[in-house]
Amino acid sequence: MEIGGVIGGLYRTCEWITRVAFLGVLWILFTILGLVIFGLFPSTVAMLAITRKWIIGEKEISIFNTFFGVYKKEFLKSQILGIIMTGIGVILYVNILFTLTQEGFFLLKVLIVFFTIVYLITCPYLLTMFVHYELTFLEYFKNSLLIAIFNPVYSILTIVGIIPLLYLLGMFPVLFILYAVSLSGVWITWISHRIFNKIVRKKEQLGGT
């Protein structure tokens, strides 16, 4: 029997807080289990798979079983995605270090900073798209890049939501450890889901005309 009223609201709030914390703990444990380097992207993908299910209304899933299942299933594929993402990030970082220490190259500096910003706002969409669709790696990168470019408001909302969240959690180290990644995942997934639904509605409208 579902509890109603204020008590029911408090119960559901506490339940949600506990679930998000548990998801954060799983992310940490499985990242460490993969020696960090090999566990980071599979754990992140598994976490986002769960936040996606929460966002679409599947709240009664087994968090551990779902997390572990996705972790195993997507371990290799997420590693490849992670290597590509990390490689691009390293290249941009090295270029920034080099160009910013040089005299001149103004246009080149602007371009590199621009590409770095685009890269940073593309990464969240890339990961959420990975757990939402079955695509090729090229399609993941192409579509997430297009989403980032043509949805600037949502991209700004993603950043605006995460920065103050991490700042507030940073005041409480224990809460930061438990909630920083999982709450960020919930927020990113919520934003991405709205964009994906928007794209679906647009396709339906075009198909009906």
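Residues numbered from 1 in each chain as written. Predicted model: local features only at pLDDT ≥ 70, side-chain atom pairs only at ≥ 80, totals over all residues. Heavy atoms only, no water.

Draft legend 1. Here's a closer look at the overall build of the protein chain. Helix and strand content of the protein chain: 8 helices and 0 strands. Mapped in sequence order, the helices and strands of the protein chain form the string α-α-α-α-α-α-α-α. Dimensions of the protein chain, computed from the C-alpha atoms along their principal axes, are close to 70 × 50 × 35 Å. Here the protein chain, with 209 residues, has 38% of them falling under the buried criterion. A separation threshold of at least 6 residues defines the contact pool for the protein chain, and within that pool the share at least 24 residues apart is 70%. Per element, the accessible surface of the protein chain, about 12,700 Å² overall, is 76% carbon and sulfur. Computing the positive centroid from 15 side-chain charges and the negative centroid from 9, the protein chain places the two 4 Å apart. (Helix = DSSP H or I, 4+ residues; strand = E, 2+ residues; numbered from the N terminus. Buried < 20%, exposed > 50% of the residue type's maximum accessible area, 1.4 Å probe, protein only. Contact = heavy atoms within 4.5 Å. Areas by Shrake-Rupley, 256 points an atom, 1.4 Å probe, with all protein chains shown as cover. Lys, Arg positive; Asp, Glu negative; His and termini not counted. Charge placed at Lys NZ, Arg CZ, Asp CG, Glu CD.)

Draft legend 2. Local environment of the pattern of salt bridges. One pass over the full model with this rule turns up 4 salt bridges. Residue R19 is joined to E15 by a salt bridge in which the shortest nitrogen-to-oxygen separation is 3.3 Å. One end of the pair, R19, and the other, E15, are both in helix α1 (residues 5–33), 4 residues apart, so they sit about a helical turn from each other. Classification of R19 as buried rests on a relative accessible area of 17%. We classify E15 as partly exposed; its relative accessible area is 28%. Ionic pairing is found between K53 and E58, a salt bridge with its closest N-O pair at 3.4 Å. Assessed through its relative accessible area of 35%, E58 is described here as partly exposed. (Salt bridge = Lys/Arg side-chain N within 4 Å of Asp/Glu carboxyl O.)

Draft legend 3. Inspection of the side chain of S155 at higher detail. By the element assignment, S155 lies in helix α7 (residues 152–170). The exposure class of S155 is buried, given its relative accessible area of 5%. Each residue touching S155, except ones within four places of it in the same chain, is listed here: I121, Y125 and A148.

Draft legend 4. Molecular detail of the packing of aromatic side chains. Taken as a whole and assessed by the stated rule, the structure comprises 11 aromatic pairs. These aromatic residues form a ring-pair network of at least three members: F30, F64, F67, F68, Y71 and F75. (Phe/Tyr/Trp six-rings, centres within 6.5 Å; stacked < 30°, edge-to-face > 60°.)

Draft legend 5. Up close: helix α4 (residues 75–100). Here α4 spans 37 Å end to end across 26 residues, near enough to the 38 Å set by a 1.5 Å rise per residue. For α4, the full list of buried residues reads S78, Q79, L81, G82, M85, G89, L92, I96 and T99. In the core, the buried residues of α4 are packed alongside α2 (40–55), α5 (106–132) and α6 (137–150). (Expected span 1.5 Å × (residues − 1).)

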